[in-house]
Amino acid sequence: MPNRPRIGITLGDPAGIGPEVVAKALKSGRLDRRFDYEVIGNPRTKRRADAVDWVVAGAKRCLKGELAALATAPITKELLHQAGYPAFVGQTELLAHLSRTKRFAMMLAGGPLRVALVTIHEPLRKVPKLIRPGKIVDVIELSNEICRRLGIRRPRIAVAGLNPHAGEGGLLGDEDRRVIAPAVKRAARRGIVVSGPHSADTLFYRAAHGQFDAVVAMYHDQGLGPLKLIAFDNGVNLTLGLPFVRTSPDHGTAPDIAGKGIARPGGMIAAINMAAKLARV
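The paragraphs below set out a description of the structure included in this document. Per chain, residues are indexed from 1 in the order of the written sequence. At least 70 in pLDDT is required for a residue's local features to be given in this predicted model, at least 80 for side-chain atom pairs to be given and counted, and no such filter applies to totals for whole chains, interfaces and linings, which use all residues. As a convention, hydrogens and water are excluded, and side-chain values are obtained from all of the structure's heavy atoms.

### Some details on the side chain of T247
Looking at where T247 falls in the secondary structure, it is placed in strand β10 (residues 245-249). For T247, a relative accessible area of 0% translates into the label buried. Setting aside its immediate chain neighbours within four residues, T247 contacts L70, A71, T72, V236, N237, L238, A271, I272, M274 and A275. For helices the rule is a DSSP run of H or I covering at least 4 residues; for strands it is a run of E covering at least 2, with both sets numbered from the N terminus onward. Exposure is judged per residue with a 1.4 Å probe applied to protein chains only, and the accessible area is read against the type maximum: over 50% gives exposed, under 20% gives buried, and values in between give partly exposed. In what follows, residue pairs with any heavy atoms lying within 4.5 Å of each other are defined as contacts.

### Examining the pattern of salt bridges
Within this document, salt bridges are pairs made up of a side-chain nitrogen of Lys or Arg and a carboxyl oxygen of Asp or Glu, the two lying within 4 Å of each other. Inspection of the entire model under this criterion finds 17 salt bridges. Across the pair R4 and D36 runs a salt bridge whose closest N-O atoms are separated by 2.5 Å. A residue pair is termed long-range when its members are at least 10 positions apart, and R4 in the segment before β1 (6-10) and D36 in strand β2 (residues 36-40) qualify at 32 residues. For R4, a relative accessible area of 27% gives the class partly exposed. D36 gets classed as buried once you look at its relative accessible area, which sits at 16%. Salt-bridge contacts for D50 lead to R47; the nearest nitrogen and oxygen are separated by 2.9 Å. Judged by its relative accessible area of 16%, D50 is buried. Assessed through its relative accessible area of 48%, R47 is described here as partly exposed. Via salt bridges that share partners, R103, D138, E141, E145 and R190 belong to a single interconnected network.

If you want it as structure tokens, here you go:
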């Protein structure tokens, strides 16, 4: 129909399940009918590196206002490097670079959980030095903003500790009281309903049972382990802070089942519909 907003959908790694789940999503009848959908990519390409060109093209069209949002099928970190982007370990970082966004974060949403990450694709040994107060405050604020966009009037944000038992008063590490706690207090002074650092071993249970609207985790596996346990097939990756809406399914390229016709499209459907929901706000 004329004048309907359009969402771009990149196909992801052509050697993975991206083309299959995109095709199944478009045929599912479960997408928001108030939008048109445009596939960005060619599933018959012989060059896997073309996948990154599709991401760049989608981002540029969003920045020009030609697309209302962008939903991206998965690509691998290795593919980004092979395509000439060795400085970026994921699509999140590449999209932030393309849009000149300095303040950004990854949030995963699925089932009752929303989990934002202070550090994303970083070796665990580097994490303690990377969890700076300013970055933590940024992620808290971005989490609060996206929850409000999703219709939560006064979001309750919980911040996970880094160490077991949130440091046990300094006995198990001092980052929690020295770095995380001051960041939580700073964000609270800005009017955000935020608490922590909480012991991560119980925090996600509490969030899944309705005590919090979003969790800020310190590192990748701390946040994604609980999320994927609950919502492996329909989790959505949101890039917070970009000047346009970007979502992606919370699963990888799954090359072991590519081409077999058995990939489940639930995550892709959820990602596209989340993009549509945010584009309407």
